[in-house]
Amino acid sequence: MQPRQRPGMVATPEDARQQGRPCGDHYHSGVVTDLRTPWRIGPVEVPTRLVLAPMAGVSVQAFRRQGRRYGAGLVCSEMVSCAGIEHRNERTLGYLRVAADEHPLAIQLFGSDPRSLADAARMVEAVGADLVDLNFGCPVKKVTRTGAGAHLLEDGDHACRIVEAVAGAVALPVTVKLRRGVRNGSRACLELGPRLVAAGAQSLTLHPRSAEQMYTGMADHTITAELVSLVDVPVVASGDVTSHARAQAVLAGTGAAAVMVGRGAQGNPWALREIVDGDAQEPTREEVAAELVLFVREAVRELGERRASGFLKKFYGWYLGRGRFPKEFKQELLRIDSTEEVERRLLAAAPGARELLERLEAEVPTGDEVTLELPISIYGGG
């Protein structure tokens, strides 16, 4: 299939060289994209051009709600096992709880059985999510060896059967997140992407690294530009988007509808604000402490004290790093198991954070009322 060249775009790196234009990270149409411009995935309007990535062990409800406050137009759950849903695993079902203030929300599913994924998608629709996202890109072996994640990049027929089954099961738009391919240099996504759209996918997210690369090297967004030229649905560009300028360059250079940010937002919601608005002002120590205390409280509400205590430890390093707090203070918090004690020490280290925290809690809905109850049928199997 030949790529359709769009105005202001170079369809492939070879076209760029033939026309004497730079390619890769350096070519673009010259159009500066306002990241506050809304866009759509089917009937779902997304208010900004920034998508907060689904990240295992990170993308809990507290993380997603915070991301929406700082400019993410679309937030995504961590990937949810369709097998866990099928077996009514209590922890897996917990990933399906939707907060009233995190829409639009995509819940991401992974698995290899079209029927099970279709059933799981019906549950995603029942709990009030806005999109069903399918993970065809996870490179982790415990996922790929089950025939899920990036394994599906090498079995296009099966990947298309999955999309067709899920799209036929729900009224929600179905989206797919994929990598360029399994092996370094692969261009499998360019053959598979249009087939997934034909099967019913209404948006694609491309992380243009191979599964073999994991997160090493650079994301090759010339591949993203080629995929954009091949499909008539919005493409989200994922990988190495770390600043407002970089986001604008990737959007202009690829024709993508939006950019996805993941690791850069871990413990650093201010990065989202900078990417969307260009506001590069570093947070004060008090702002960092106030946001972290609020995050701790929300994580405890969502996960319970015992689970939250362990879950939060990685966040302490992420929030308090970047020279914001002394290394010794971070290490001190890691040794504490009580979240109340962590909160007490944070507020003691940055006394001005208490007033900011009160202001945040007045503005942000808190408590159980923000989370919609799961339908009884999910537990009963109806």
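What comes next is a walk through the structure. Every residue gets a number counted from 1 within its own chain, in the order that chain's sequence is written. pLDDT decides what is reported in this predicted model: residues at 70 or higher carry local features, side-chain atom pairs at 80 or more are listed and counted, and totals for whole chains, interfaces and linings draw on all residues regardless. In computing side-chain properties, one takes all heavy atoms of the structure into account and sets aside hydrogens as well as water.

Observations concerning the overall build of the chain
Next up, step 1: Helix and strand labels come from DSSP, where a helix needs a run of H or I of at least four residues and a strand needs a run of E of at least two; each type is numbered from the N terminus. When its secondary structure is counted, the chain shows 18 helices and 11 strands.
Next up, step 2: For every residue, the accessible area obtained with a 1.4 Å probe (protein chains only) is divided by the maximum for its type, and the residue is called buried under 20%, exposed over 50%, and partly exposed between those limits. Within the chain, the proportion of its 382 residues that are buried is 56%.
Next up, step 3: Contacts are assigned to residue pairs that have any heavy atoms within 4.5 Å of one another. Taking as baseline every contact in the chain between residues at least 6 positions apart, the subset at least 24 positions apart corresponds to 70%.
Next up, step 4: Here the accessible surface of atoms and residues is derived via Shrake-Rupley with a 1.4 Å probe, and residues count as covered only by protein chains that are part of the display. When the accessible surface of the chain is summed, it comes to about 15,900 Å², and 50% of that surface belongs to carbon and sulfur atoms.

As for the pairing of strand E11 (residues 258-261)
Next up, step 1: The two faces of E11 match: Ala258 and Met260 on one face and Val259 and Val261 on the other face are all buried.
Next up, step 2: Whether two strands pair comes down to DSSP finding at least two bridges between them. In this structure, strand E3 (residues 50-52) lies alongside E11, joined through three bridges in parallel fashion. Paired with leucine 52 across the bridge in E11 is valine 261.
Next up, step 3: Note that strand E10 (residues 235-238) and E11 share three bridges and pair parallel. Of the residues in E11, the one forming a bridge with valine 236 is alanine 258.
Next up, step 4: If you view a crossover with the strands going away from you and the path from the first strand over the helix to the second runs clockwise, you call it right-handed. Considered for its hand, the β-α-β crossover made up of E10, helix H10 (residues 244-254) and E11 is right-handed.

Section: unusual backbone geometry
Next up, step 1: A cis amide bond links histidine 103 to the next residue, proline 104, at an omega of 0 degrees.
Next up, step 2: By the element assignment, proline 104 lies in the loop between helix H4 (90-94) and strand E6 (105-110).
Next up, step 3: Non-glycine residue arginine 322 carries a positive phi angle of around 60 degrees.
Next up, step 4: Looking at the secondary structure, you find arginine 322 in the loop between helix H14 (313-320) and helix H15 (327-334).

Topic: the packing of helix H2 (residues 61-69) against helix H12 (residues 285-303)
Next up, step 1: Where H2 contacts H12, the axes come no closer than 8 Å and their chain directions differ by 140 degrees. The angle between H2 and H12 places the two elements in the oblique class. Taking contact as the criterion, the partners of Gln61, Ala62, Phe63, Arg65, Gln66 and Arg69 in H2 are, on H12, Glu291, Leu294, Phe295, Glu298, Ala299, Arg301 and Glu302.
Next up, step 2: Residues are sorted three ways: Asp, Glu, Lys and Arg are charged, Ala, Val, Leu, Ile, Met, Phe, Trp, Tyr, Cys and Pro are nonpolar, and all the rest, Gly among them, are polar. Taken together, the residues of the contact of H2 with H12 break down into five nonpolar, two polar and six charged. Axis geometry follows a simple rule: fit a line to the C-alpha atoms, using only the stretch in contact for helices, then measure angles between N-to-C directions, giving values from 0 to 180 degrees. Working definition: roughly parallel below 35 degrees, roughly antiparallel above 145 degrees, roughly perpendicular at 65 to 115 degrees, and oblique for all remaining angles.

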